[in-house]
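Breakdown of the fold
Each chain, written out:
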Amino acid sequence: MKAPKFPQQVISLAIIFAILLGGLIAARILLVPKSFGKYGHYRADAADEVASLDIKYAGYKACLECHDDIYVIKEKSNHRGLSCEVCHGAAAKHIEAPDEFVPDAPRGRGYCPLCHGYNPSRPTGFPQIITLQHNPGKPCMTCHNPHNPLLPHSPEECSACHREIASQKRVSHHSSLPCEKCHTVPARHTTDPRSALPKKPTTREFCGGCHDKNAASPKEIPRIELASHGGRYLCWECHYPHHPEAK
Amino acid sequence: MESMIASAVSALQDFTGYIYPNEYELHWELLIVVYPYLTGLVAGAFILASLERVFNVKELQPVYRLSLLSALAFLFVAPLPLLAHLGHPERSLEMFLTPHTKSAMAMFGFVYAWYLMVVLLLEIWFDYRKSMVIWSREKKGMMGFIYRILTLGATDISESSLRFDDKVGKAITIIGIPSAFLLHGYVGFIFGSIKANPWWSSVLMPIVFLFSAIVSGIALILALYMITTMFRFKEISMPCLNKLAELLIYAMIVDFSLELLDFIQRLYESEESINILSHMISSRLFISLIISQIILGSLVPMISLIWARFGRLPVEMRRIVYFIAALLVQVGIFSTRWNVVIGGQLFSKSLRGLTVYKIELFGFEGLLTTCFFLLLPFAILYVLTKLLPPWIIDEKDIKPAEAQVS
Amino acid sequence: MKENKSEKPNRREFLLSCSKAIPLTGALFFPLSAARLLLAQESGDYDPTVHNYGMGIDIHKCIGCGRCAAACKTENNVPLEPHYFRTWVERYVLPSEGEALVDSPNGGIDGFPEMNEDIDTLRSFFVPKLCNHCTNAPCVQVCPVGATFITRDGVVLVDEKYCVGCRYCIQACPYGARFLHPEKKVADKCTFCYHRLAKGLLPACVEVCPTQARVFGEVGQQSSPLRRFLRFNDVIVLKSSLNTLPKVYYAGADGEVR
């Protein structure tokens, strides 16, 4: 008996695999989205679909087109650069229908401390209050205009902004020293803190003014031989002036 | 809204340290534990079958067809937990339509299809073709009709045609071995290639997966062979059982050494993640890793298997030890999958905290669904053994039928 | 709204016409229109290929107010539960000895309560987090169907009509920036407010940041706020060892940040 060129098994299987392969090819032609692969292995329309979503925050430029009066005031204040919608909330709806949707404004004591409540993790010098102690019960707006948040009076104590340092100094040997003993503070620093920074001592001799063995200062102050003590280091490289000789 | 946050917050109280906010939910749950477990059984059972076919391990003849059918039954179920866990199962076809060539997971569809269509089904078909042709002539009514369809019209059972079957079958088995390695090694690669996750990211992952697959597959067939023979009131072939036990021991030794190597390497390298990982092992994974995977699932069965195989034991006792060890191995391998999948998500990628996993009972990804997917393969296997009885070879009852035809 | 317009010009249109007439107001608007040009154009002939967006974050400026995270949730309809965030703020407290303490209660939206641990703090700061829009994005690499991708303007997006919800991308993201949207059942993440960029606006988090700790712009163009940020700061990217090449740059971030 002569063996068939293609055994029956091969023919049967070939038909089945051909059908499956054909099905896959047909499915690919029919079901793959049109824009797939236009710019890469993805549906190009997907990017446009995301891009066409509605906005909720209109952006400050939209606000100032009508409220330029407030914008001009605010841009000269400490709140310059602060977007209107930070406090007033998302306002795109207000742009669409100014009368139907009116943005809210936080008027109580709850909102401002999100930025200005004391938190030791905040960058030093950022204006912060201890909510419980700072005029309890009064809404912030009674004293501060949020569009021009000048302080009713400039801070009397450095600790108003530098609480962390003040609290350390209070329990240290330097507690009796006023900040001005070591720092010269420009007047502008209290109204515009970042534009004029206080000066710090720069030389060993400054500390030596009290701590050198020949210094004309009260006897109980610890003394060192300024010339030989600590080698080339500056005093504050080993001692923390706000809490000297602490652990 | 407030109650929602309150309930969420109360659920967070078991977390330790810091985890990224989006990590509060585990993304791959119990179903994804089941998936590598099932594919492991498939690969393991198939590799066992190919030992008989390709390397002529004669002792394994009684379990050859059983292994093939088990592999098929488990392979049918393997993708189901994946499908059930998808957010949009109706879109799963996209894996075939627009597979992303750079994605390990995109290859799933192809590896799976290749293994199912080209390897397993074909091998079983060629192996059973002669029997199916005979049955299609012998059986009446419905069954005869089913067998006629299964023969796909290839009813030639002449000598030369059967020789062709045998040759192709052997070729497929040879292709099948690397394919089985691919099927499960690839599952390991899905985890091992995630560089973001130090618990997963390891070159050894595919290899460890592979050997644990072989271990679980052999143990499964060992147990299945004992159970099926018992229910058929037949005599168990002790040489076969001994051979299976031997192979299981060797595979376990390799598997355990590899896992140990991975463990030691991590401990010795002591990278950034070592603190959180050791914390996780000693707290969250203590039961599933130390007790269930290493002690109960590896050391105890390994030692008892060695003792039973090479010690002086009565045959009855030996069988019982084999059986219990095989079951323990299953527990151990399931724990291995659990520790990889769930363990990899219990620590934060910030490496600063641990989260918790609470198994749901109901729900799509719950315990009940999982049990269903674990039992389903056995139901399928039962149907398959009714349709394509794998015991024919050892009972030699094909001989008279053969004589009739020829 | 449209019928309304035809009846009477509203205040906005009136002011707009005034602004064109009055040079003083025009001068006020000038830098804004320049900024507008940098981002996108009102005319609509937007060419994505010339853009490559990125973000700079100045740790020294972040006050941890959480407005960015809150605005993001509003702008992008992010589920409000405290474990879905496209952007969130972490607080780092570095003690004199031992591991850094990190927390992010509700992503920082409700502020940060005082830490109850009595620790000797060395330093403390806030770190806003978001999708890093990596150039070598692992999430894009692993997506099996091409449902997450890098747009031609360098933003990593999710195609919510195509995502199968397998969550492989969530596993692959080293930054925890992705989550599964509980209703849509697809992966979700920061888009750099792609819909806002297309309209010439800044991302919502950048828009509302009170201290300009977030700087948005072009990675590849000389005249861009981001380029200035990169010139003047020592920046790092997160988990640089993973070679994901992020495009969110941190100035002043401690080595502990990860």
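Residues numbered from 1 in each chain as written. Chains lettered and ligands numbered in written order. Predicted model: local features only at pLDDT ≥ 70, side-chain atom pairs only at ≥ 80, totals over all residues. Heavy atoms only, no water.

1. Topic: the overall build of chain A
Our working rule: Secondary structure elements are taken from DSSP: a helix is a run of H or I of four residues or more, a strand is a run of E of two residues or more, and numbering for both begins at the N terminus. For this measure, only C-alpha atoms enter the radius of gyration; the expected value for a globule follows 2.2 Å times N^0.38, where N is the number of residues.
Within chain A one finds ten helices and zero strands. Order of helices (α) and strands (β) in chain A, N terminus to C terminus: α-α-α-α-α-α-α-α-α-α. Against the 2.2 N^0.38 benchmark of 18 Å for 247 residues, chain A shows a C-alpha radius of gyration of 35 Å, more extended than a compact globule. Overall size of chain A, expressed as C-alpha extent along the three principal axes, is 125 × 65 × 30 Å.

2. Quick word on a nonpolar patch on the surface
Note the following rule: Here, patches come from residues exposed beyond 30% relative accessible area and free of salt bridges, joined within 9 Å for like charges and within 5 Å for nonpolar side chains (Val, Leu, Ile, Met, Phe, Trp, Tyr). Computed with a 1.4 Å probe, the accessible areas rest on the Shrake-Rupley method; for each residue, only the protein chains presented here act as cover. Definition used for salt bridges: Asp or Glu carboxyl oxygen within 4 Å of a side-chain nitrogen of Lys or Arg.
On the surface, Phe 286, Ile 287, Ile 291, Ile 295, Leu 296, Leu 299, Val 300 and Ile 303 of chain B cluster together into a nonpolar patch covering about 670 Å² of accessible area. Counting through the fold element by element, Leu 299 of chain B comes out in helix H12 (residues 286-310).

3. Quick word on the domain arrangement of chain A
Basically, it comes down to this: For the domains described, the bounds stem from an automatic or database domain assignment.
Per the domain assignment, the segments making up chain A are domain 1 (58-101) and domain 2 (200-247). Between the C-alpha centres of domain 1 of chain A and domain 2 of chain A there is a distance of 53 Å.

4. Some details on the interface of chain C and chain B
Here is the rule: It only takes one pair of heavy atoms within 4.5 Å for two residues to be counted as in contact. When two components associate, each loses some accessible surface as probed by a 1.4 Å sphere; the sum of these losses over both components is called the buried area.
Listed by partner, the interface residues are 53 residues for chain C and 42 residues for chain B. Of the roughly 4,000 Å² buried where chain C meets chain B, counting both sides, 53% is carbon and sulfur surface. Summed over the three residues of chain C that lose the most area to chain B, namely Tyr 168, Gln 171 and Arg 258 of chain C, the buried surface amounts to 20% of that side. Scanning the region where chain C abuts chain B turns up three salt bridges. Between Arg 258 of chain C and Glu 272 of chain B there is a salt bridge; the shortest N-O distance is 3.1 Å.

5. With respect to the sheet that holds strand E3 (residues 101-103) of chain C
All names here are of chain C. Selection criterion: DSSP-based pairing: two strands are paired if at least 2 bridges between them are found. Where helices are involved, their axes are fitted lines through C-alpha atoms of the stretch in contact, as for all axes, and angles between N-to-C directions lie from 0 to 180°.
Taken together, three strands build an open sheet; the order of strands is E3-E2-E4 and the sheet is antiparallel. Looking at which strands have only one partner, the edges of the open sheet turn out to be E3 and strand E4 (121-130). Strand-to-strand, the axes of this sheet are offset by a mean angle of 20 degrees, without reference to chain direction. Relative to E4, strand E2 (residues 87-95) runs antiparallel, the two being bridged by nine bridges. The partner of Glu 90 across the bridge, within E4, is Val 127.

6. Points about the environment of Glu 52 of chain B
Residue and element names in this part refer to chain B. Applied cut-off: Three exposure classes are used, based on accessible area relative to the maximum for each residue type with a 1.4 Å probe and protein chains only: buried under 20%, partly exposed in between, and exposed over 50%.
Relative to the helices and strands, Glu 52 is located in helix H2 (residues 30-55). Owing to a relative accessible area of 7%, Glu 52 belongs among the buried residues under this scheme. A C-alpha to C-alpha distance of 10.0 Å links Glu 52 and Arg 65, two positions 13 residues apart in sequence. Apart from the residues within four sequence positions on either side, Glu 52 is in contact with Val 57, Lys 58, Leu 60, Gln 61 and Tyr 64.

7. As for the side chain of Asp 212 of chain A
Residues and elements named next belong to chain A. Put simply, the test is: Charge counting follows a simple rule: Lys and Arg are positive, Asp and Glu are negative, and His as well as the terminal groups are ignored. Nitrogen and oxygen atoms within 3.5 Å of one another constitute a polar contact, given that in protein one can donate a hydrogen and the other can accept it, and given that sequence-neighbouring residues count only through two side-chain atoms.
Structurally, Asp 212 is set in the loop between helix H9 (204-211) and helix H10 (235-238). Within the buried set, Asp 212 has no salt-bridge partner at all; the shortest N-O distance to an opposite charge, 6.1 Å, is to Lys 213. Within the local environment of Asp 212, its side chain forms a polar contact with the backbone nitrogen of Leu 226, the two atoms lying 3.2 Å apart. In contact with Asp 212, not counting residues within four places along its chain, are Arg 223, Ile 224, Glu 225 and Leu 226.

8. Re the packing of H12 of chain B against helix H13 (residues 315-341) of chain B
Residues and elements named next belong to chain B. Spelled out, the test is: Every angle not falling under 35 degrees, over 145, or within 65 to 115 is termed oblique; those three ranges are roughly parallel, roughly antiparallel and roughly perpendicular. Helix crossings get a hand from a simple test, with the near helix turned counterclockwise from the far one by less than a right angle marking a left-handed crossing and a clockwise turn marking a right-handed one. Each residue is assigned to one of three groups, with Ala, Val, Leu, Ile, Met, Phe, Trp, Tyr, Cys and Pro labelled nonpolar, Asp, Glu, Lys and Arg labelled charged, and all others, Gly among them, labelled polar.
Look at H12 against H13: their axes get within 8 Å of each other, and the N-to-C directions meet at 155 degrees. Classified by the angle their axes make, H12 and H13 are roughly antiparallel. Here H12 runs over H13; the crossing is left-handed. For the contact of H12 with H13, the per-class residue count stands at 15 nonpolar, nine polar and two charged.

9. What about the sheet that holds strand E10 (residues 235-236) of chain C?
All names here are of chain C. Spatially, E9-E1-E11-E10 is the arrangement adopted by the four strands of the open sheet, whose pairing is mixed. Two strands bound the open sheet, and with one partner strand each, they are strand E9 (214-218) and E10. As paired strands, E10 and strand E11 (residues 248-251) are joined by two bridges and run antiparallel to one another. By the bridge assignment for E11, Ile 236 is matched with Tyr 250. Together, strand E1 (53-58), E9, E10 and E11 form the strand contacts of helix H9 (residues 225-232), whose direction differs from that of E9 by roughly 115 degrees.

10. Some details on the side chain of His 184 of chain B
All names here are of chain B. With respect to the element layout, His 184 can be found in helix H8 (residues 159-192). Within the local environment of His 184, its side chain forms a polar contact with the backbone oxygen of Phe 209, the two atoms lying 3.5 Å apart. Leaving out residues up to four positions away in the same chain, His 184 has contacts with Pro 36, Thr 39, Gly 40, Ala 43, Phe 209, Leu 210, Ala 213 and Arg 337.

11. Focus on helix H4 (residues 67-76) of chain C
Residues and elements named next belong to chain C. With nine of ten residues buried, H4 is to be regarded as a mostly interior element. Taken residue by residue, H4 has Arg 67, Cys 68, Ala 69, Ala 70, Ala 71, Cys 72, Lys 73, Glu 75 and Asn 76 as its buried positions. Immediately downstream of H4, the backbone of Asn 77 shows phi near 50 degrees, a positive value.

12. Brief notes about the interface of chain A and chain B
Put simply, an interface is often sized by how much accessible area is lost when its parts join up. If you look at the interface, chain A gives 17 residues, while chain B gives 22 residues. Summed over the shared surface of chain A and chain B, the result is zero salt bridges. Across the contact surface, chain A and chain B share eight residue pairs in polar contact (both at pLDDT 80 or more). Here the residues of the side of chain A that touches chain B sort into twelve nonpolar, four polar and one charged.

13. Some words on the packing of aromatic side chains
For clarity, the threshold we go by: Each Phe, Tyr or Trp ring, with Trp reduced to its six-membered ring, pairs with another whose centre is within 6.5 Å; inter-plane angles below 30 degrees give stacked pairs, above 60 give edge-to-face pairs, and intermediate values give tilted ones. Only when the NZ atom of a Lys or the CZ atom of an Arg is both within 6 Å of the ring centre and within 35 degrees of the ring normal do we say a charge sits over the ring.
Considering all chains together, one arrives at 27 aromatic pairs over all chains under this definition. A centroid spacing of 5.8 Å and a plane angle of 25 degrees characterise the contact between Phe 191 of chain B and Phe 209 of chain B, whose relative ring orientation is stacked. Note that Phe 191 of chain B is positioned in helix H8 and Phe 209 of chain B in helix H9 (residues 204-231), a separation of 18 residues in sequence. Here Phe 191 of chain B matches Phe 209 of chain B in class, with each residue buried. Here the aromatic cluster, defined as three or more aromatic residues joined through ring pairs, consists of Trp 28, Phe 191, Trp 200 and Phe 209 of chain B together with Tyr 168 of chain C. The cationic tip of Arg 337 of chain B hangs over the ring face of Phe 209 of chain B; the distance from NZ or CZ to the ring centre is 5.0 Å. Residue placement shows Arg 152 of chain C over the ring face of Tyr 39 of chain A; its charged tip is 3.4 Å from the ring centre.

14. Remarks on the environment of Ser 348 of chain B
All names here are of chain B. Summarising the element assignment, Ser 348 is placed in the loop between helix H14 (343-346) and strand E2 (352-354). The spacing of Ser 348 and Ala 245 is 103 residues in sequence and 41 Å in space, taken between C-alpha atoms. Setting aside residues no more than four positions away along its own chain, Ser 348 makes contact with Tyr 18, Ile 19, Tyr 20, Glu 23 and Gly 353. One polar contact links Ser 348 to Glu 23, side chain to side chain, over a distance of 2.6 Å.

15. What to know about the nonpolar core
Formally: Nonpolar core, defined: a set of buried Ala, Val, Leu, Ile, Met, Phe, Trp, Tyr and Cys residues in which side-chain atoms within 4.5 Å join the residues together.
Counting 199 residues, the largest nonpolar core has Leu 120 and Phe 191 of chain B together with Phe 192 of chain C as its most contacted members. A total of 17 residues in this core trace back to one element, the largest contributor, which is H2 of chain B. With sequence-adjacent residues up to four places away left out, Leu 120 of chain B is seen in contact with Val 42, Phe 46, Leu 68, Ala 71, Leu 72, Leu 75 and Tyr 115 of chain B. Leu 82, Val 86 and Ala 90 of chain A together with Val 208 of chain C belong to the second-largest nonpolar core, a separate cluster that totals eight residues.

16. Focus on unusual backbone geometry
Trans is the prevailing form of peptide bonds, just as negative phi is the prevailing case for residues other than glycine. A positive phi angle, close to 50 degrees, is found at Ser 270 of chain B, a residue other than glycine. Its place among the elements puts Ser 270 of chain B in the loop between helix H10 (238-269) and helix H11 (274-282). At Gln 212 of chain C, a position not held by glycine, the phi torsion is positive, near 55 degrees.

17. Notes on the pairing of E2 of chain C
All names here are of chain C. The buried fraction of E2 amounts to nine of the nine residues, a majority that puts the element mostly inside the structure. Across the two faces of E2 the burial is the same, with Thr 87, Val 89, Arg 91, Val 93 and Pro 95 and Trp 88, Glu 90, Tyr 92 and Leu 94 all buried. The sheet contact formed by E2 and E3 spans three bridges and is antiparallel. Across the sheet, residue Tyr 92 finds its bridge partner in E3, namely Val 102. Connecting the antiparallel pair E2 and E3 is a turn made up of five residues, with Gly 98 showing a positive phi of about 95 degrees.

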